[in-house]
Every structure is written in C-alpha cells, then in structure tokens.
Amino acid sequence: MTRIAFLFGTLLLGLAACAPSPPVIGADGAALPSVYRISAADESRIQFRVLDSINALRSGAGQQPLQFNSQLNAAAATHAKDMSVQNRPWHFGSDGSSPLDRIRRVGYTGNLVGENISETYEDEATTLSAWMDLPATREVILAQEARNLGFAWHQERNGKIWWTLVTGT
C-alpha cells in the first residue's frame, strides 16, 4: 500500500510540473507579454499557419487566396535578417534598398503590392493581428490585386523576432 501511495504521489508531482505556469499580471490587470521562442519543430509550420490565417482573412473579405512565392520568401528572409543587423524596423535595407529593389534582386517579375514588418517578442498570430488592426498594413494583406506571399523572420538570441511579410501580383 505504501508503495502504491508513493508511486501515486510521484505521478501527481510529475503532472503538477507539467502544468502551465500562470501568466504574470501587470499593473493594469492584463497579462504581461512573454518571449515567444520559435522551436525547431515550429520553424517548418509557422509559414503555413500564417498563410492559412491570411487566406481565411482574405476569404472573409471576399478576396482570392494567396500562394507562397519562393522569391518573395527569399526577399522577406533577407530583410528580416537585415533589420536585425540594423537593429531597427524599417522598410529600407542597410544598403538603402527598398522593398521593390529586394524583390527585383531575387528575380520576382510581378508587381510589389506591399511589405509589412515588425519587431517584437510575440508570435506570428499576435503579429498578424496587430497588422490587421492598422489600415495600411491590413491593406497589404487584403489587397485585391495580391496573389503571391513572401513571409519570413529572424529570431535573435534574446528572443526578439523580426517579421517580414511581402505581397505581390
């Protein structure tokens, strides 16, 4: 009986260690943000979660779905890394390049619709939500003429993530 009680107690302790920790609450009563770490398992899934989310938003707005374009993905990845190197979120590269310059460099022949960028410690869903809250960045996502999507990120060791989304015709 003692052995069963010991095993049961050990099991309960193990399960308790698996329980998520409660969020830290700020002075305003809202949960404080925590650093989102992109795991190796998530790396291959993030782009598709974003594509699915964007296409659901576009469907709700009566727009055609987007598809990934490897050239736009490359341009987005280059810019995400470059913003980290510059340590500032802006649409110009360290070499002075614009979003249009970057998509041309990778051989994209369509038209640039727009580029959304973000510097954050939050996940892709939170970042997409923030973009949808602003008219200019929402338009890049929901633009009627958009057909192609590039999406990439760079995460620094401290957890900061530089997200870049590019749409084209």
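Notes on the structure follow. No experiment lies behind these values; they were computed from the predicted model shown.

Thresholds applied
Residues numbered from 1 in each chain as written. Predicted model: local features only at pLDDT ≥ 70, side-chain atom pairs only at ≥ 80, totals over all residues. Heavy atoms only, no water. Salt bridge = Lys/Arg side-chain N within 4 Å of Asp/Glu carboxyl O. Helix = DSSP H or I, 4+ residues; strand = E, 2+ residues; numbered from the N terminus. Buried < 20%, exposed > 50% of the residue type's maximum accessible area, 1.4 Å probe, protein only. Phe/Tyr/Trp six-rings, centres within 6.5 Å; stacked < 30°, edge-to-face > 60°. Lys NZ or Arg CZ within 6 Å of the ring centre and 35° of its normal. Pairing = 2+ DSSP bridges. Polar contact = N/O pair within 3.5 Å; in protein donor to acceptor, adjacent residues only side chain to side chain. Axes fitted to C-alpha atoms, helices over the stretch in contact; angles between N-to-C directions. Parallel < 35°, antiparallel > 145°, perpendicular 65-115°, else oblique. Contact = heavy atoms within 4.5 Å.

All told, the structure shown has six salt bridges when counted by the stated rule. Linking Arg49 and Glu124 is a salt bridge whose minimum nitrogen-to-oxygen distance equals 2.8 Å. Of the two residues, Arg49 sits in helix H2 (residues 40–60) while Glu124 sits in helix H5 (residues 124–133), which places them 75 residues apart along the sequence. A residue is classified by how much of its surface remains accessible, and Arg49, at 32% relative accessible area, is partly exposed. Note that Arg102 and Glu115 form a salt bridge whose closest N and O atoms lie 2.9 Å from each other. Of this pair, Arg102 sits in helix H4 (residues 99–105) while Glu115 sits in strand E2 (residues 112–120), and the two are 13 residues apart along the sequence. The same class applies to Arg102 and to Glu115, which are both buried. One continuous salt-bridge network, built from bridges that share partners, spans Asp42, Arg45, Arg49 and Glu124.

The geometry of two aromatic rings is summed up by the distance between their centres and the angle between their planes. In total, this model carries five aromatic pairs according to the counting rule given. Ring plane angle 65 degrees and centroid distance 5.5 Å describe the contact between Trp90 and Phe92, whose orientation is recorded as edge-to-face. Judged by relative accessible area, Trp90 falls into the partly exposed class, the value being 30%. Among the residues examined, Phe92 registers a relative accessible area of 38% and is labelled partly exposed. Taking the centre distance of 6.3 Å and the plane angle of 50 degrees together, the rings of Phe151 and Trp153 count as tilted. A cation over an aromatic ring shows up here: Arg88 above the ring of Trp90, its NZ or CZ 3.8 Å from the ring centre.

It is worth spelling out the pairing of strand E3 (residues 148–155) at this point. In regular strands, side chains alternate between the two faces of the sheet. For E3, a buried count of seven out of eight residues is recorded, marking the element as mostly surrounded by other parts of the structure. Here eight bridges tie E3 to strand E4 (residues 161–168), and the two strands are oriented antiparallel to one another. Counted as the bridge partner of Trp153 is Trp163 from E4. Where E3 hands over to E4, the hairpin turn is made up of five residues, of which Gly159 adopts a positive phi near 100 degrees.

Residue placement: Trp163 occurs in strand E4. Trp163 sits 79 residues away from Ser84 along the chain, and the two C-alpha atoms are 9.9 Å apart. Of note is the side chain of Trp163, whose polar atom sits 3.2 Å from the side chain of Thr127.

Running from amino to carboxyl end, H5 crosses helix H6 (residues 135–142) at an angle of 110 degrees, the nearest separation of the two axes being 5 Å. For the element pair H5 / H6, the angle class is roughly perpendicular. Across from Leu128, Ala130, Trp131, Met132 and Asp133 in H5, the residues of H6 making contact are Pro135, Thr137, Arg138, Ile141 and Leu142.

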